[in-house]
Amino acid sequence: MAGMLNGREALVLAVTLWTALSINDILMLPGGLPIIAPGWLSSILLALLLARVLQRLQNLSKVQAIGFGTLCVFAAATTQAVFDITVIMTVGPHALPGGQSVPGFAIANTWEKALLQFRFSLIWNGIVFGFYVAALSLLNAQRRKLDAEMRALRYELNPHFLFNTLNSIAGLIEEGSAGRADRMVLSLSRFLQKTLSLDPLHDVPLAEEIALQRDYLEIEHERFADRMAFDIRLPAELEGVMVPNLILQPLIENAVKHGVGPSRKHVAIVLEAKREGDHLVLSVENDLPTEDMGRKPPGMGIGLRNIRERLQARFGNRWRFSSGPVDGGRYRATITLPLRNA
């Protein structure tokens, strides 16, 4: 679910945090691993439990979430403190003969000492668990912000696509091609049913993404059948790699709108996927109208900006995008992504 904490990220944070703290104790206390290891494992399990609790608190008001979160941190710190002191009292005398001290306090062999150590342990664990919860909360806030940005980019794309398609249907009606317009409306209905149900935060197999673009090209082919052709090149070994859904849609729209629309000659659109090392390269290429050769067609900014922003949000700096005229009077847009299997 969008905005929810990722269990794997919570686990990585817990293991990293408690391992870093435990390493210092292990270095200061040779032979004390039997004492430190149980506390390390129990603290990680409690940290993961806290992460699950945070998920449950997300639908509460801010005041309620902070209140319940604080109580949960105190409960986790108390549980861990009791566990730590129990291990120290039962295992310590055997693991550390001669009364050697555990980092931060001596072996508790009386209830008075145990109570004193419990207080220190409670404060220490409260601070560490509080830090863990604060880090998870910050991570969740960043995730929510990214989710909102991704959804906004997706919702910006849908009206742009729908406007272009409805213009195509209107063009068929003006030409008196009612039968072709009817087929296009039915195709559009099926296409929208597929695309509007997609989650903008989830990737899809490349074969599924290209199948959607094939549907769209079939829709446009109803209008430009006399001067439009398209060729899709998808190697079988790349069908299962994952890509952001509808990432190719703006490129296909631009190829039709700026390549086929204003041209009087036959235009070929080529959609190709290939592998280059550990990267996936997706390209859309089309013939340019004679008067547009050597320059980028106007009106392409929204779609290209949408692609760049989605790729930046999804992959950070691990992507490349280029577009512009190429030899032979054609225009090519290319996306390079990390190659990722399902």
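Residues numbered from 1 in each chain as written. Predicted model: local features only at pLDDT ≥ 70, side-chain atom pairs only at ≥ 80, totals over all residues. Heavy atoms only, no water.

Caption draft 1: Geometry of the overall build of the protein chain. Looking only at helices and strands, one finds eight helices and seven strands in the protein chain. By residue count, 43% of the 342 residues in the protein chain fall in the buried class. The long-range share in the protein chain, meaning contacts at least 24 apart out of those at least 6 apart in sequence, stands at 75%. For the protein chain, the computed accessible surface area is about 17,800 Å², with 61% contributed by carbon and sulfur atoms. (Helix = DSSP H or I, 4+ residues; strand = E, 2+ residues; numbered from the N terminus. Buried < 20%, exposed > 50% of the residue type's maximum accessible area, 1.4 Å probe, protein only. Contact = heavy atoms within 4.5 Å. Areas by Shrake-Rupley, 256 points an atom, 1.4 Å probe, with all protein chains shown as cover.)

Caption draft 2: Structural view of the pairing of strand E5 (residues 279-287). Of all the nine residues making up E5, eight are buried; the element is thus mostly covered by neighbouring parts of the structure. Relative to E5, strand E4 (residues 267-276) runs antiparallel, the two sharing eight bridges. Looking at the pairing, isoleucine 269 lines up with asparagine 286 of E5. Relative to strand E7 (residues 330-338), E5 is paired through nine bridges, and the arrangement is antiparallel. Bridging across to E7, leucine 282 finds its partner in isoleucine 335. (Pairing = 2+ DSSP bridges.)

Caption draft 3: Expanded view of the nonpolar core. Among the nonpolar cores identified, the biggest contains 44 residues, and Leu206, Leu251, Ile269 and Ile335 are the most heavily contacted of them. The leading source of residues in this core is helix H6 (residues 206-223), at six residues. Within the second largest apolar cluster, 21 residues are counted, among which are Ile44, Leu57, Ala81 and Leu136. (Core = buried A, V, L, I, M, F, W, Y, C linked by side-chain atoms within 4.5 Å.)

Caption draft 4: Molecular detail of the side chain of serine 263. Within the secondary structure, serine 263 sits in the loop between helix H7 (249-260) and E4. The buried category is assigned to serine 263, whose relative accessible area is 5%. A polar contact is formed between the side chain of serine 263 and the backbone nitrogen of lysine 265, at a distance of 3.2 Å. Sequence-distant contacts of serine 263, defined by excluding residues within four places in its chain, comprise Arg227 and Pro289. (Polar contact = N/O pair within 3.5 Å; in protein donor to acceptor, adjacent residues only side chain to side chain.)

Caption draft 5: Quick look at the sheet that holds E5. Ordered in space as E2-E4-E5-E7-E6, the five strands form an open sheet in which the pairing is mixed. Pairing within the sheet leaves two strands with one partner each, and these edge strands are strand E2 (228-233) and strand E6 (320-326). Here the strands of the sheet are splayed against their neighbours by 10° on average, with no regard to which way each runs. (Axes fitted to C-alpha atoms, helices over the stretch in contact; angles between N-to-C directions.)

Caption draft 6: Main features of the packing of helix H5 (residues 178-195) against H6. Running from amino to carboxyl end, H5 crosses H6 at an angle of 160°, the nearest separation of the two axes being 9 Å. On the basis of the axis angle, H5 is roughly antiparallel to H6. For the pair H5 and H6, the crossing hand works out as left-handed. Residue-level contacts link Arg180, Arg183, Met184, Ser187, Leu188, Phe191, Lys194 and Thr195 of H5 to Leu212, Asp215, Tyr216, Ile219, Glu220, His221, Glu222 and Arg223 of H6. Taken together, the residues of the contact of H5 with H6 sort by class into six nonpolar, three polar and seven charged. (Parallel < 35°, antiparallel > 145°, perpendicular 65-115°, else oblique. Left-handed = near helix turned anticlockwise from the far one by under 90°. Nonpolar A, V, L, I, M, F, W, Y, C, P; charged D, E, K, R; others polar.)

Caption draft 7: View of helix H2 (residues 33-57). Helix length check: H2 (25 residues) gives 36 Å between terminal C-alpha atoms against 36 Å at 1.5 Å per residue, within 8%. Along H2, the positions that sit buried rather than exposed are Ile35, Ile36, Gly39, Ser42, Ser43, Ile44, Leu46, Ala47, Leu50, Ala51, Leu54 and Leu57. (Expected span 1.5 Å × (residues − 1).)

Caption draft 8: Geometry of the packing of aromatic side chains. Evaluated as defined, the whole model comprises one aromatic pair. Measuring from centroid to centroid gives 5.1 Å for tryptophan 18 and phenylalanine 129, while their planes differ by 50°, and the two rings are tilted. With a gap of 111 residues between them, tryptophan 18 in helix H1 (residues 7-28) and phenylalanine 129 in helix H4 (residues 111-174) connect regions that are remote in the sequence. Pair check on accessibility: tryptophan 18 and phenylalanine 129 agree, each one buried. (Phe/Tyr/Trp six-rings, centres within 6.5 Å; stacked < 30°, edge-to-face > 60°.)

Caption draft 9: Structural context of the environment of proline 250. Its place among the elements puts proline 250 in helix H7. Expressed as a C-alpha distance, the spacing of proline 250 and leucine 304, which sit 54 residues apart in the sequence, is 6.9 Å.

Caption draft 10: Focus on the packing of H6 against H7. Relative orientation of the contacting elements H6 and H7 amounts to 20°, with a least axis distance of 10 Å. Considering the angle they form, H6 stands roughly parallel to H7. The two elements H6 and H7 cross, and the hand of that crossing is right-handed. Packed against H6, whose contacting residues are Glu209, Gln213, Tyr216, Leu217 and Glu220, the element H7 presents Gln249, Ile252, Glu253 and Val256 at the interface. In terms of residue class, the contact of H6 with H7 is made up of four nonpolar, two polar and three charged.

Caption draft 11: Expanded view of the environment of glutamate 208. Relative to the assigned elements, glutamate 208 resides in helix H6. With a relative accessible area of 38%, glutamate 208 lands in the partly exposed category. Separated by 34 residues in sequence, glutamate 208 and methionine 242 have C-alpha atoms that sit 9.5 Å apart.

Caption draft 12: Just the pattern of salt bridges, in detail. Tallying each qualifying case throughout the model produces six salt bridges. In this structure, glutamate 285 and arginine 330 form a salt bridge, with 2.6 Å as the shortest nitrogen-oxygen distance. Of this pair, glutamate 285 sits in strand E5 while arginine 330 sits in strand E7, placing them 45 residues apart in sequence. Since its relative accessible area comes to 15%, glutamate 285 is described here as buried. Residue class for arginine 330 comes out buried when judged on its relative accessible area of 13%. Three or more residues joined by partner-sharing salt bridges are found here, namely Glu285, Asp287, Arg330 and Arg332. (Salt bridge = Lys/Arg side-chain N within 4 Å of Asp/Glu carboxyl O.)

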